Amino acid sequence: KRIKKICPNNKFHIIKCNITKESEVKKSIKNIFKLSKSIDVLINNAATKTKNLKNFFKSFENYRLKDWNEVMNVNINGAFLISREISKYMIKKKSGNIISIASIQGVVGNDKRLYKDSKFRGIQMGSPAVYSTSKSALIGLTRYLSTYLGEYNIRANSISPGGIRSEQNREFIKNYSKKVPLNRMGLTNEIVDTILFLSSEKSNYITGQNLIVDGGYTSW
């Protein structure tokens with residue numbers, strides 16, 4: 001309903017799919033192809049903080065394998081499944097564009113000092129190892145896809161956002177902003193604009209890259 005209000009004249013379809021289930025992924029992508037007759041751009045944006053936020057933010061030494069597997073299953077296995085299935089259609093067409101949303105946590109180490117007295121939805125924050133690991137893996141998958149699919153005129157890039165302002169408390173926003181040369185957290189639309197650039201013909205000669213959009217956080 002929200003999308004219809006924003007884009008009343010555009011045609012779009014919403015398809016529900018559990019990206020961790022191979023059979024659902026295959027079925028959904030077949031349905032997409034039937035509806036559109038072409039798949040031009042894939043954006044791997046799905047990620048999870050598990051069914052229980054407290055478990056997601058647990059310390060490394062107390063992290064449960066069950067929660068680790070849940071995050072990895074969505075963040076990287078899901079991206080693999082969808083990329084694999086959609087690439088079949090892109091290879092036949094000899095054209096396509098795969099964009100994966102990674103994170104600066106997949107590029108640099110985590111500064112746990114940022115999370116002192118910091119909360120997300122009222123829960124003590126942290127950045128668990130599984131998040132960094134899954135985002136690093138996504139960057140690695142992107143590089144692989146760029147070289148493997150390049151001969152079919154298929155591009156693959158990733159975007160690594162810095163901290164995006166959402167439901168963090170004031171303490172975290174203040175602490176994080178101090179570490180950013182632009183002295184603030186990022187905004188959602190600033191990542192959207194980067195996605196639009198990579199989706200367009202203006203980036204036709206860009207592939208295999210990890211675009212860092214972090215206000216200079218990783219430049220210090």
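Refer to the preceding data block for the structure.
Every residue gets a number counted from 1 within its own chain, in the order that chain's sequence is written. The predicted origin of the model limits local features to residues at a pLDDT of at least 70 and limits the giving and counting of side-chain atom pairs to 80 or more, whereas totals for whole chains, interfaces and linings rest on all residues. With hydrogens and water stripped out, all remaining heavy atoms of the structure feed into the side-chain values.

Colleague: What is the right way to read the environment of Ile154 from this model?
Modeller: Segments assigned H or I by DSSP are reported as helices when at least four residues long, segments assigned E as strands when at least two residues long, and all are numbered from the N terminus. With respect to the helices, strands and loops of the structure, Ile154 is situated in strand S5 (residues 154-161). The sequence separation of Ile154 and Thr207 amounts to 53 residues, and the corresponding C-alpha distance is 8.6 Å. Contacts between residues were defined by any pair of non-hydrogen atoms, one from each residue, lying within 4.5 Å. When near neighbours in sequence (up to four residues on either side) are disregarded, Ile154 contacts Met90, Ile91, Ser95, Gly96, Asn97, Ile98, Leu149 and Thr207.

Colleague: Sorry, what's going on with the sheet that holds strand S2 (residues 96-101) here?
Modeller: Sheet strands pair by backbone hydrogen bonding; their relative direction is either parallel or antiparallel. Criterion used throughout: strands pair if DSSP finds at least two bridges between them. Taken in spatial order, the four strands line up as S1-S2-S5-S6 in an open sheet, and their pairing is parallel. Since the sheet does not close on itself, it has two edges, and those belong to strand S1 (41-44) and strand S6 (210-213), each with one partner. Strand after strand, the sheet turns through a mean of 20° between neighbouring axes, direction not considered. Two strands pair when backbone bridges link them, and S1 and S2 are joined in this way by four bridges, in the parallel orientation. From the neighbouring strand, Asn44 faces S2, where its bridge partner is Ser100. To get an axis, a line is fitted to the C-alpha atoms, and for a helix only the part in contact is used. The angle between two axes follows their N-to-C directions and goes from 0 to 180 degrees. Relative to S1, helix H4 (residues 65-93) is tilted by about 175°, and along the sheet it contacts S1, S2 and S5.

Colleague: Help me understand a nonpolar patch on the surface in this model?
Modeller: Like-charged residues are merged into a patch within 9 Å and nonpolar side chains (Val, Leu, Ile, Met, Phe, Trp, Tyr) within 5 Å, provided each residue has over 30% relative accessible area and no salt bridge. Note on areas: Shrake-Rupley with a 1.4 Å probe; residue coverage comes only from the protein chains shown. We define a salt bridge as a contact between a side-chain nitrogen of Lys or Arg and a carboxyl oxygen of Asp or Glu at a distance within 4 Å. On the surface, Ile15, Ile32 and Leu35 cluster together to form a nonpolar patch covering roughly 220 Å² of accessible area. Within the secondary structure layout, Leu35 lies in helix H2 (residues 22-36). Residue burial is assigned from relative accessible area. The probe radius is 1.4 Å, only protein chains are included, and a residue is buried under 20% of its type maximum, exposed over 50%, and partly exposed in between. Of the residues examined, Leu35 reaches a relative accessible area of 47% and is grouped as partly exposed.

Colleague: Explanation requested: the pattern of salt bridges in the structure shown.
Modeller: Pairing is possible between side chains that carry opposite charge, provided their charged atoms lie close to one another. Applying the stated criterion across every chain, the model contains nine salt bridges. Here Arg84 ties to Glu22 by a salt bridge, and the two come within 2.6 Å at their closest N and O atoms. In this pair, Arg84 is assigned in helix H4 and Glu22 in helix H2, connecting sequence segments 62 residues apart. Residue classification places Glu22 among the partly exposed residues on the basis of a relative accessible area of 38%. A salt bridge links Glu85 to Lys88; the nearest nitrogen and oxygen atoms lie 3.1 Å apart. Of the two residues, Glu85 and Lys88 both sit in helix H4, three residues apart, roughly one turn of that helix.

Colleague: Honestly, the packing of H2 against H4 in this entry has me stumped. Any pointers?
Modeller: Between two packed helices, both the angle of their axes relative to each other and the distance between the axes serve to describe the pair. One can describe the packing of H2 onto H4 by two numbers: an axis separation of 10 Å at closest approach and a directional angle of 35°. Both H2 and H4 take part in a crossing whose hand is right-handed. For the pair H2 and H4, contact is made by Glu22, Val25, Lys26, Ile29, Lys30 and Phe33 and by Leu81, Ile82, Arg84, Glu85, Ile86 and Tyr89, respectively. Side-chain classes are defined by residue name, with Ala, Val, Leu, Ile, Met, Phe, Trp, Tyr, Cys and Pro counting as nonpolar, Asp, Glu, Lys and Arg as charged, and the others, Gly among them, as polar. Residue composition of the contact of H2 with H4, by class: seven nonpolar, no polar and five charged. Throughout, a crossing is termed right-handed when the near helix is turned clockwise from the far one, and left-handed when it is turned anticlockwise from it by less than a right angle.

Colleague: Help me understand the nonpolar core in this model?
Modeller: The tendency in soluble globular proteins is for nonpolar side chains to be buried as a group. Counting 38 residues, the largest nonpolar core has Phe57, Ile82, Ile86, Met90, Ile98, Phe172 and Tyr176 as its most contacted members. Of all the secondary-structure elements, those providing two or more residues to this core are H2, helix H3 (53-56), H4, helix H5 (129-149), S5 and helix H6 (170-178). What Phe57 contacts, discounting residues up to four positions off in sequence, is Phe120, Ile123, Gln124, Met125, Gly126 and Pro128. Remark: nonpolar core denotes a set of buried residues (Ala, Val, Leu, Ile, Met, Phe, Trp, Tyr, Cys) joined through side-chain atoms within 4.5 Å. By size, the runner-up hydrophobic cluster in this structure holds six residues, among which are Ile99, Ile159, Ile195 and Leu198.

Colleague: Mind showing me how you'd approach the packing of aromatic side chains here?
Modeller: Two aromatic rings are characterised by how far apart their centres lie and by the angle between their planes. For Phe, Tyr and Trp, where Trp contributes only its six-membered ring, two rings pair if their centres lie within 6.5 Å, and the inter-plane angle classes them as stacked under 30 degrees, edge-to-face over 60, or tilted in between. Considering all chains together, one arrives at seven aromatic pairs under this definition. Judged by centre distance (5.2 Å) and plane angle (65°), the rings of Phe56 and Phe57 are edge-to-face. With 5.5 Å between their ring centres and 25° between their planes, Tyr115 and Phe172 make a pair best called stacked. Here Tyr115, found in the loop between S2 and strand S3 (119-120), pairs with Phe172, found in helix H6; they are 57 residues apart in sequence, far enough to count as distant. Look at Phe172 and you get buried, because its relative accessible area is 4%.

Colleague: Looking at this model, I keep getting lost on unusual backbone geometry. Mind explaining?
Modeller: The phi angle of most residues is negative, glycine excepted, and most peptide bonds adopt the trans form. You will see that Asp117, though not glycine, has its phi angle at about 60°, which is positive. We note that Asn153 has phi near 65°; this positive angle belongs to a residue other than glycine. Structurally, Asn153 is set in the loop between H5 and S5. For Asn153, a relative accessible area of 52% corresponds to the exposed category.

Remember that the coordinates give geometry; whether it matters functionally is a separate question.
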